[in-house]
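Chains, contacts and geometry: an overview
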Amino acid sequence: MDFKTISFVILAIILAPLAGGLLAGIDRRLTAWFQGRFGPPILQPFYDVIKLLGKEPQVVNYWQIFCVHIYLIASILCVALFAMQADLLMIFFVMTIGAVFMVVGALAVPSPYSQLGAQRELIQMLTYEPLLIIVFVGIYFVTDSFKIADILAYDRPIFLALPLLYLVLTFALTIKLRKSPFDISASHHAHQELVRGVLTEYSGPYLAILEIAHWYDIVLILAICSLFWSTSWIGLVILLAVTYMAEIIIDNVTPRMTWKWMLTYVWAVGISLSFFNMALLYAKSF
Amino acid sequence: MLAPQLIGISIALPFIAAVLCLINVKPLRSALVIGTGVVVSVASLALVQSGAISFTPESFLGINPDGLIAILDFALLFVILGIAYRMKNKLIAVLTLLQIVPLAFLELFMNPGENMGPAIYVDQFSMIMCMVISIVGSLICVYGLAYMKEHEHHLKLATSRQGRFFFFMVLFLGAMNGLVFSNNLLWLYFFWEVTTFCSFMLIKHDDTEIAVKNATRALWMNMLGGVAFVLALVIFRSQGLPLSLQEIITAEPASKLILLPVGLLCFAGFTKAAQLPFQSWLCGAMVAPTPISALLHSSTMVKAGVYLVIRLAPAFAGTVFSNYVALFGAVTFLGAAVLALSQSNGKKILAYSTISNLGMIVACAGINTPAAMAAAVLLIVFHAISKALMFLCVGTIEQHIGSRDIEDMRGLINVMPRTTMVAVIGIVTMFLPPFGALLSKWMAVEASAHLPLVVLMLAVGSALTMVFWGRWLGLLMTSVVPDKAPLAESQPCLIRLPLLALAVAAVLISFVAPGLYSSMVLPVLERFYDTDLYIAARGVISNNIGMFALYPVFVVMTLGVIYAVRASSSKRLIKRGNYVTPYVCGLQDPGDSRKLGFKGPLGVWADFKTTNWYMESLIGESRITGWINLVAIGILIILLAGVF
Amino acid sequence: MGFFQDLLHTSRVKSPWLIHFDCGSCNGCDIEVLACLTPVYDVERFGILNIGNPKHADILVVSGTVNPRNAKALKNIYDQMPDPKAVIAIGACGTSGGVFREAYNVLGGVDKVIPVDVYVPGCPSKPEAIIDGVVLALEKLKKRRPEKDTEPLVADLKKAREFYENREDRQVTR
């Protein structure tokens, strides 16, 4: 590893949560704007997290603490690996460490709410994981590699070859962002939520750690989205901005649905979209 | 010591020790089992020093080994015939006769020894298998010593049946070693049938009605494979090919008909590896005492099936048949994972997960690229270690809490902290990076990327795998922190040693996976493939399409775990903060934060109970097994049609 | 240290998460609390969120009179909130028991059970008053240190408990 990679990794680790928090702030502001409200300051997510960090630690079970730390470390590691331009599929598998331990922490508490939330979170993971793998395989079809370094070296925007797979990726993004209609395990919005689903029993600093880890996750998924237009900065920014805007609008106009609907709908639509896209690729290559 | 002697010890010593085990005396039995385990383990490790070798033993105790094996073959088949007669089971009788007659024809009229070449062929793949069998197998046998004592105590038997039990367990080790060293297909067939027979006798060890029923099913399904095996041998001879595994693999695919016997051998492998639609025998086998499930039905015997398929893979590389094998394996991987999701019986989850992993190995053999083959071989090793560990944990837990249902394992960390921690290691090494099982899965997915249907099934299956393991992992810890640190349960030394050894091995061998790959797997692959091989350098495994930064992930996650353990250590927390009750809408008992439940109407204390949801109404075993079998049979028929 | 301390204090003031507990209010005050969230008042401007879970909340907003039955639940909810935390009693009933003060089954205001930081009068309290109350509570919350500054529970708590335990004797017989 040369100096450039190392500095890049350090930069990514420092900047990712800042970007994630800022994005969450903009998100809340825009949501408020859509609802005819003024909305919180852009820096609101940072205030929330700092406040939570200063609260008294209170847990049911020490496994919760163990699990949130593993989640955070796995998420940071994912972002670092992305910055090192490692293998996409490997990054994905490392990401599952964090996701699994988040669920394990919720399952470790004998509380009906968090148990229910954990089961729902597992279903969510079940929903998006195959889709992400399919997206990576699609990228491999175009660029002949799973390595991010090789994908970045591809000279045309991947989006042009895989527009439908990009849609599939946004399904995963929606689930990962906890946005309607797929916010079944825990929602950002109080009116959609009885208690707080999978996050019910995490409190104080541990909730803050979860939030930071979540920011890392979101930055990672957006970074994967950005691979689809990696050839020019303008294209990349437009693609990400449009994607995120669409996410916010969908979040505001859809209600939360049931897990069964989510699983069947996302798999059916996602898998058929992928196959159409693959067929398109095959047709082109002939 | 010389390699042939080591190989001889690995095969013959268990056979001799097994016979001695029949003398039903406890100290002698313990000494025999432990002694044999140590000797064959050391022999398997010593064998690694030598490179690939092949030879034909001239004589065994002064007898011509070919003749000896032929005689034993028929003896075994007639014993099975006798059993079939006693059980009045026509199906098994017919299947046995279907083997006896062609085998007799083969031996008498087709000159099976022609151009044989070496009868024993040992390369690094065989050595890996031998290490798995000898070391993991021996640990399980040692565990069995303590387990069976408790088991028989529980059954309140008048006379101990452990003599018979260890006869078959130890015999099985020898047979498996023979199986992986054999190059002569007749020898391989003999050891194959011995493992089938051991499996049958061990499943029905408890002699309950259900055990006998399931053992019978296991026997006839495996005999089906045996028939296919003998047919394949006859066809090989009828085409003038020698009955030598290496000759067949390297034979020029001049005659297209070579695919037919190879396909039949693969079919035999599928039955042995309990691939769909033959999964029911493996699930039924879970009635047997846990050491049997661990040894035969997860870590070694079922691996014989996939071993054969992997061995044969170069023979069908690049054919349509190969793609069908990949599809078939992927269907098994997915189907078994769905079935595992609907289970709450711990041993059944393990059984279905085993089938699922074997499916992935078969799929890798079908994908037939160097990356896939590497994945297959590595998965055999890592799956054997972690799954054996999980079975032993479930066995220990079952003897302690009297249940193998995972719902009863809720909060087990406070009841059996030691065993639970080992089980946690077992689960985590099964499905999370940076451990070996996931490394192989990663290899498999990347290797299958050019087959969209296969990769789709692998993707969905791996997500399902994560759900059922994650759920199990979580509920082991579902608890409130007790007042005092829970008292560690007492573990007999013979139980603790195998558990700890396997847990350490599961982590350590994952760590040395790159070294294992370059020293043991790469030489085998280089014989058949020259491009796209994985290179393991400085802890990073990479080829032209992907790379797995194993050591960075390992190091960071290890440091992370250490940090997380420190952060969550209970001493620090009690000093800094406090434990509270779970949220129950403000109706908890304010006096006792450890008391679960809530104050219900009329001031009555109500307990709540949470359970996982197993989706029985959607994917219950009885509901979907039929459909899955139908799909699997369909693909199997297409697959066998693909040989023409 | 000073910088981080200040940052923490600012963040506390800027991010109060409320949990709303209805102790048997007539729903007049409850509706006014919810009205604060509507676009007209939009308390999210100040970072205020309505949270359904005491383990995440900083400020407990209570409306309605306290009676022996819900006193326990109120106390339990309060106990499950991690420090630092503040309590706001809303409306005439929440502050003092209101017109129900003399009823046989009423203990009185919220302060009979848990320490109250801010009293917001009114029947019902206006949303502006509630927002004002939250701002007042934030001033108190700002410099509170976990564990150290929690005021000892009022003596009334003990009284309430006694009442609860002896309620058989005080029940009106028909």
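Residues numbered from 1 in each chain as written. Chains lettered and ligands numbered in written order. Predicted model: local features only at pLDDT ≥ 70, side-chain atom pairs only at ≥ 80, totals over all residues. Heavy atoms only, no water.

Further remarks concern helix α2 (residues 28-35) of chain C. A turn of α-helix holds 3.6 residues, and therefore any two residues three or four places apart point the same way. The set of residues buried in α2(C) consists of Cys29(C), Asp30(C), Val33(C) and Ala35(C). Residues of α2(C) that are buried sit in contact with β1 (17-22), β3 (59-63), β4 (86-90), α4 (91-96) and α5 (127-142) of chain C. (Buried < 20%, exposed > 50% of the residue type's maximum accessible area, 1.4 Å probe, protein only. Helix = DSSP H or I, 4+ residues; strand = E, 2+ residues; numbered from the N terminus. Contact = heavy atoms within 4.5 Å.)

Attention shifts here to the interface of chain A and chain B. Contact with chain A, which involves 63 residues of that partner, is made by 68 residues of chain B. Summing both sides of the interface, chain A and chain B together bury roughly 5800 Å²; the carbon and sulfur share of this comes to 78%. Remark: the boundary between chain A and chain B carries 0 salt bridges. Taken together, the links from chain A to chain B amount to 13 residue pairs in polar contact (both at pLDDT 80 or more). At the level of elements, β1 (58-59), α3 (62-83), α4 (88-107), α5 (112-143) and α11 (259-285) of chain A are the ones that each hand at least two residues to the side of chain A that touches chain B. For the side of chain A that touches chain B, the element with the highest residue contribution is α5(A), accounting for 15 residues. (Buried area = accessible area lost by both parts, 1.4 Å probe. Salt bridge = Lys/Arg side-chain N within 4 Å of Asp/Glu carboxyl O. Polar contact = N/O pair within 3.5 Å; in protein donor to acceptor, adjacent residues only side chain to side chain.)

To continue, consider the confidence of the model for chain C. Per-residue confidence for chain C gives a mean pLDDT of 81; residues scoring 70 or more make up 82%. Segment residues 169-174 of chain C is flagged for pLDDT under 50; beyond a separation of four residues in sequence, or across chains, it makes 2 contacts in the model. (pLDDT = per-residue confidence, 0-100.)

Let us look at the state of the cysteines. Under the criterion given, the structure shown has 0 disulfides over all chains. Unpaired in this structure, Cys67(A) has its nearest cysteine sulfur neighbour in Cys78(A), at a distance of 16 Å. With a relative accessible area of 0%, Cys67(A) lands in the buried category. Cys493(B) takes part in no disulfide bond, and the closest cysteine sulfur, belonging to Cys141(B), lies 16 Å away. (Disulfide = S-S within 2.5 Å.)

Our focus in this paragraph is the packing of aromatic side chains. Applying the stated criterion across every chain, the model contains 41 aromatic pairs over all chains. Ring plane angle 50° and centroid distance 5.4 Å describe the contact between Phe105(B) and Phe109(B), whose orientation is recorded as tilted. Here Phe105(B) pairs with Phe109(B), and both are found in helix α4 (residues 90-109), just 4 residues apart, close to one helical turn. Taking relative accessible area as the criterion, Phe109(B) reaches 61% and is therefore assigned exposed. Between the aromatic rings of Phe468(B) and Trp469(B), the centroid separation amounts to 5.5 Å while the plane-to-plane angle is 45°, which identifies the pairing as tilted. Judged by relative accessible area, Phe468(B) falls into the buried class, the value being 1%. Here the aromatic residues Tyr62(A), Trp63(A), Phe66(A) and Phe101(A) are joined through ring pairs into a cluster of three or more. Directly above the aromatic system of Trp192(B) lies the positively charged group of Lys272(B), at a separation of 5.1 Å from the ring centroid. Lys85(C) extends its terminal NZ or CZ atom over the ring of Tyr78(C), reaching a point 4.2 Å from the ring centre. (Phe/Tyr/Trp six-rings, centres within 6.5 Å; stacked < 30°, edge-to-face > 60°. Lys NZ or Arg CZ within 6 Å of the ring centre and 35° of its normal.)

Okay, the packing of helix α7 (residues 185-203) of chain B against helix α8 (residues 209-238) of chain B next. Interhelical geometry of α7(B) versus α8(B) gives an angle of 170° and a closest axis separation of 8 Å. In terms of orientation, α7(B) and α8(B) fall into the roughly antiparallel class. (Axes fitted to C-alpha atoms, helices over the stretch in contact; angles between N-to-C directions. Parallel < 35°, antiparallel > 145°, perpendicular 65-115°, else oblique.)

Another aspect to go through is a nonpolar patch on the surface. Taken together, the side chains of Ile6(A), Ile10(A), Leu11(A), Ile14(A), Leu15(A) and Leu18(A) present a nonpolar region at the surface, about 540 Å² in accessible area. If you trace the backbone, Leu15(A) turns up in helix α1 (residues 3-34). (Patch = residues over 30% accessible without salt bridge, like charges linked within 9 Å, V, L, I, M, F, W, Y side chains within 5 Å. Areas by Shrake-Rupley, 256 points an atom, 1.4 Å probe, with all protein chains shown as cover.)

Counting residues at the interface gives 30 residues for chain A and 29 residues for chain C. When chain A packs against chain C, the two sides together hide about 2400 Å² of surface, and 52% of this comes from carbon and sulfur. Among the residues chain A hides against chain C, the three largest losses belong to Lys51(A), Lys55(A) and Glu56(A). Together they make up 25% of the total. On the surface where chain A and chain C come into contact, there are 6 salt bridges. Here Glu201(A) ties to Lys55(C) by a salt bridge, and the two come within 2.4 Å at their closest N and O atoms. Counting the contacts that link chain A with chain C gives 17 residue pairs in polar contact (both at pLDDT 80 or more). Considering each element in turn, the side of chain A that touches chain C owes the most residues, 6 residues, to helix α2 (residues 44-53) of chain A. Tallied by class, the residues present in the side of chain A that touches chain C amount to 13 nonpolar, 9 polar and 8 charged. (Nonpolar A, V, L, I, M, F, W, Y, C, P; charged D, E, K, R; others polar.)

Turning our eyes to something else, we now look at the pattern of salt bridges. All chains considered together, the criterion is met by 20 salt bridges over all chains. With a shortest N-O distance of 2.5 Å, Lys179(A) and Asp27(A) are connected by a salt bridge. Note that Lys179(A) is positioned in the loop between α8 (163-176) and α9 (204-226) and Asp27(A) in helix α1, a separation of 152 residues in sequence. On the basis of relative accessible area, Lys179(A) is assigned to the buried category, the value being 2%. By relative accessible area, Asp27(A) is classed as buried at 9%. A salt bridge links Asp79(C) to Lys75(C); the nearest nitrogen and oxygen atoms lie 2.6 Å apart. A residue pair is termed a helical-turn pair when its members lie 3 or 4 positions apart in one helix, as Asp79(C) and Lys75(C) do in helix α3 (residues 68-80) at 4 residues. Through salt bridges with shared partners, a single network forms among Arg28(A), Arg37(A), Asp48(A), Asp42(C) and Glu44(C).

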